Amino acid sequence: MATFLYKLGRLAFRRRHFVALIWVALLTLAGVGAASAPAAGSSSFSIPGTEAQKAFDLLENRFPGMSADGATARVVFKAPSGEKMSDKDNKATVEKTVKALGTGSEVTSVSDPFRAKAVSKDGSIAYASVKYKVSGMELMDASKDALKETAQEARDAGLTVEVGGDALQATPETGSTEVIGIAVAAVVLVITFGSLIAAGLPLLTALIGVGIGVSSITALANALDLGTTTSTLAMMIGLAVGIDYALFIVSRYRAELAEGREREEAAGRAVGTAGSAVVFAGLTVVIALVGLAVVNIPMLTKMGVAAAGTVAIAVLIALTMIPALLGYAGRRVQPAGKKSKLLGGGRAAKKEGKPNMGTRWASFVVRRPLAVLLLGVVGLGAAAIPASSLELGLPDDGSQPTSTTQRRAYDLLSEGFGPGFNGPLMVVVDAKASDAPKGAVTEVSDKVKDLKGVVTVTPATYNKAGDTAMITVIPDSKPSSVKTEDLVHGIRDAGGDIKADTDATVLVTGTTAMNIDFSQKLNDALIPYLALVVGLAFLLLIVVFRSILVPLKAALGFLLSVMAALGSVVAVFQWGWLSGLMGVEETGPIMSMMPIFMVGVVFGLAMDYEVFLVTRMREAYVHGEKPSQAIVTGFKHGARVVTAAAVIMIAVFSGFIGSSESMIKMIGFGLAIAVFFDAFIVRMAIVPAVLALLGKKAWWLPKWLDRALPNVDVEGEGLRALAERSRDEDEDRELARV
């Protein structure tokens, strides 16, 4: 592989005009496609195989035209202090509002609070339910605007009016911190390279790669049902890995220049060596992201595949556009150790009399491996302790910032009708196989009323055939609580007994039940997903490092860092530590997809640093150095660059903590802290300590396996043989002339 990439790097360097033209054309094409494509909202949400989804599908079949999964809005009214909703003026305003709400083209029904008995006991709060034909993710902007305007007119008439439900799903905003993250990355690159030109290359290529990836996602969003979260995730990961991959190749190019090689040769060797590491690092990230398909949740699969596509683009750009841009930059990119005229007067750095920080740190770890190992493991173990209190759930309106109308509507409904009113459960009774359908439905209602935690059970609503009924159950606890989850399981358990007696099937659905099923499905998929992703990457790393223990150590180190990161997420978003600093207005359960998502993404990113750092150690070991000296050599050449790459990735991910959407905020924080733990504690401390303790055993591989594995030559051994052949050919030609 090193030889192929070496030739590719030299070709891109020589044919830089052609390479640059191709990437600019792709960026333009993607941009035009994004600009001309129809706008798409959030992707549709379904969870195949769950009871809640089966109930939705049944309702679509038995109640045609009802739009069981259609969007809902609850317009909540509160009378001025000392007044009641039944007062003449207040009642007239509500009736006018209800009439206006029913005029929308996507509206199927609107309930009148006074006819539906949707007024609180003290008479101060009432609500109108609006039902739409399509889901909140598919609702047109015109319908949302009409809902907001109607609510505002009621406010102008003197009432407090807030709108809850899924009809007003806001588009997430990342805020200015995203730009700050990129600015921090730029500063780190300038400090690392001592040159504005060299620092600008990774930023430029990363932005082009992300531009192509995100524009392609936007262009295909409507056709493939991709939501705004998909493009945000792709941007987050694509930007981080795009900068890092380019950073490693540019750093290796400058190191090759420092050894006296010509620029084209240096570009070829940089792509052949560092580029090989980039390919395998990128493959681990792609495997982790595409592996999310194992969960069998369409939304998660699309997010993973889209982000993986952006990572693949980042790899291709690093391998081709970086050498092309190095050709354009010429002598403006200085050899390693030499600063640009702007930043250092063009003077060379001091001669290598004093070891650099990476060398000194690695030498210390090699001398004290056991102490460093124990300190690192204990520290990460302490950070992981909060993960034992992990509570999973999905955010609802109660987790929104108090400044939003959804949160204020949620609080008003809790005040007037109780906390469980915000998470009603829909019980669907399929009595088609029953001899007495209505009797079966009555039995279901009676049994559910007797369950602990039930406040209200509404009368059943039947379909035209009379063989299917819907019953709404109001719990006495909020939607995201453990008590509500226990009630859902209690109703389902009771349904099993009813089926045995009456042949009627009882299903529980609704947003709350859907969230519970979603969390359960993710929990069940975590172990198979972990086995698949870690197993495939383990095999890939065996090929790269030609070792059993090094990949095993890499996987165990990843588990340490991901558990510590999950513990930190629990401490901030569930316990509330430093929540003010992070902009977390409401603590609560951790998002259900967070553990499996972090496992996938963090594993891919963790393997980046493993590949970049350890391949340099193996390169030194293969070329004859002792195991302990190879560790020091790997850190001498790689520690500064890996540190810069980690700081850049942390800065980029931290930029998304400013997002208005809790999921993006949580993902940004989780990935940033995970990269910190993995890069600076696992890869910089635990990895060299374990390698020092193992010695030559670290690079052991059974002979039969060594013969069976393909030789991918990540260390660039083939380049040395190629150089020797070229030298021999030159000498032969010189002798022939003589």
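Counting restarts for each chain, with residues numbered from 1 along the sequence as it is written. Note on the predicted model: pLDDT of at least 70 is required for a residue's local features to be given, and 80 or more for side-chain atom pairs to be given and counted; whole-chain, interface and lining totals, by contrast, use all residues. With hydrogens and water excluded, all non-hydrogen atoms of the structure serve as input to the side-chain values.

## What to know about the side chain of R62
By secondary structure assignment, the location of R62 is in helix 3 (residues 51-62). N or O atoms closer than or at 3.5 Å make up a polar contact, with two conditions inside protein: a donor-capable atom paired with an acceptor-capable one, and, for residues adjacent in sequence, both atoms drawn from side chains. Among the polar contacts listed, one links the side chain of R62 to the side chain of T468, at a separation of 2.7 Å. The way it works is that DSSP assigns letters per residue, a run of H or I at least four long becomes a helix, a run of E at least two long becomes a strand, and they are numbered from the N terminus.

## Let's talk about a nonpolar patch on the surface
A patch is a set of surface residues, each over 30% in relative accessible area and not in a salt bridge, joined within 9 Å for like charges and within 5 Å for the nonpolar side chains Val, Leu, Ile, Met, Phe, Trp and Tyr. Each accessible area value is a Shrake-Rupley result obtained with a 1.4 Å probe; residue values ignore everything except the protein chains displayed when judging cover. By salt bridge we mean one thing: a side-chain nitrogen of Lys or Arg within 4 Å of a carboxyl oxygen of Asp or Glu. Together, F18, I22, L26 and L29 make up an exposed nonpolar region whose accessible area comes to about 400 Å². In this structure, F18 sits in helix 2 (residues 16-36).

## Description of the confidence of the model for the protein
It should be kept in mind that the predicted coordinates are not to be read in detail where pLDDT is low. Considering every residue of the protein, the mean pLDDT works out to 83; 91% of them sit at 70 or more. Mean pLDDT values over the elements of the protein span from 50, in helix 11 (residues 341-344), up to 94, in helix 13 (residues 369-384). A score from 0 to 100, pLDDT tells how confident the predictor is in each residue. In this description, contact between two residues means that some pair of their heavy atoms is separated by no more than 4.5 Å. Low pLDDT, under 50, characterises residues 345-350; the predicted model gives this stretch 11 contacts beyond four residues in sequence or across chains.

## Re the environment of A554
Here A554 is to be found in helix 18 (residues 549-574). Taking the relative accessible area as the measure of exposure, A554 reaches 0% and is therefore buried. As for A554 and A606, which are separated by 52 residues in sequence, their C-alpha atoms are 8.4 Å apart. Setting aside its immediate chain neighbours within four residues, A554 contacts L541, M607, E610 and R683. Relative accessibility under 20% of the residue-type maximum defines a buried residue, over 50% an exposed one, and the middle range a partly exposed one, all with a 1.4 Å probe and only protein chains included.

## A look at unusual backbone geometry
Excluding glycine, a negative phi dihedral is what most residues carry, and trans is how most peptide bonds are arranged. Even without being a glycine, K117 presents a positive backbone phi close to 55°. For D503, which is not glycine, the phi dihedral falls at a positive 65°. Among the structural elements, D503 can be located in the loop between helix 16 (482-502) and strand 10 (505-509). Judged by relative accessible area, D503 falls into the partly exposed class, the value being 44%.

## Comments concerning helix 13
Expected span of a helix, by definition, is 1.5 Å for each gap between consecutive residues, and there is one gap fewer than residues. For helix 13, spanning 16 residues, the distance from its first C-alpha to its last is 22 Å, which sits close to the expected 22 Å at 1.5 Å a residue. Those residues of helix 13 that sit buried are P369, V372, L373, G376, L380 and A384. Axial view of helix 13: buried residues confined to an arc of 100°, hence all on one face. Turned more than 90 degrees away from the buried face of helix 13, the exposed residues are L370, L374, L375 and V378. Elements that come into contact with the buried residues of helix 13 comprise helix 12 (357-367), helix 18 and helix 22 (662-694). It is the directions from the helix axis to the C-beta atoms that the arc portrays.

## Re the sheet that holds strand 4 (residues 160-165)
A pair of strands counts as paired when DSSP detects no fewer than two bridges linking them. The antiparallel open sheet is built from 4 strands, whose spatial order is 2-3-1-4. Of all strands in the sheet, those with a lone pairing partner are strand 2 (107-110) and strand 4, marking the two edges. Between one strand axis and the next, the sheet turns through 20° on average, direction left out of account. Of the strand pairs in this sheet, strand 1 (residues 72-78) and strand 3 (residues 125-132) are connected by 7 bridges, and their pairing is antiparallel. Looking at the pairing, V75 lines up with A128 of strand 3. Axis definition: a line fit to C-alpha positions, over the contact stretch in the case of helices; interaxial angles, taken between N-to-C directions, run 0 to 180 degrees. Of the strands in this sheet, strand 1, strand 3 and strand 4 touch helix 5 (residues 141-156), which is tilted by about 155° from strand 4.

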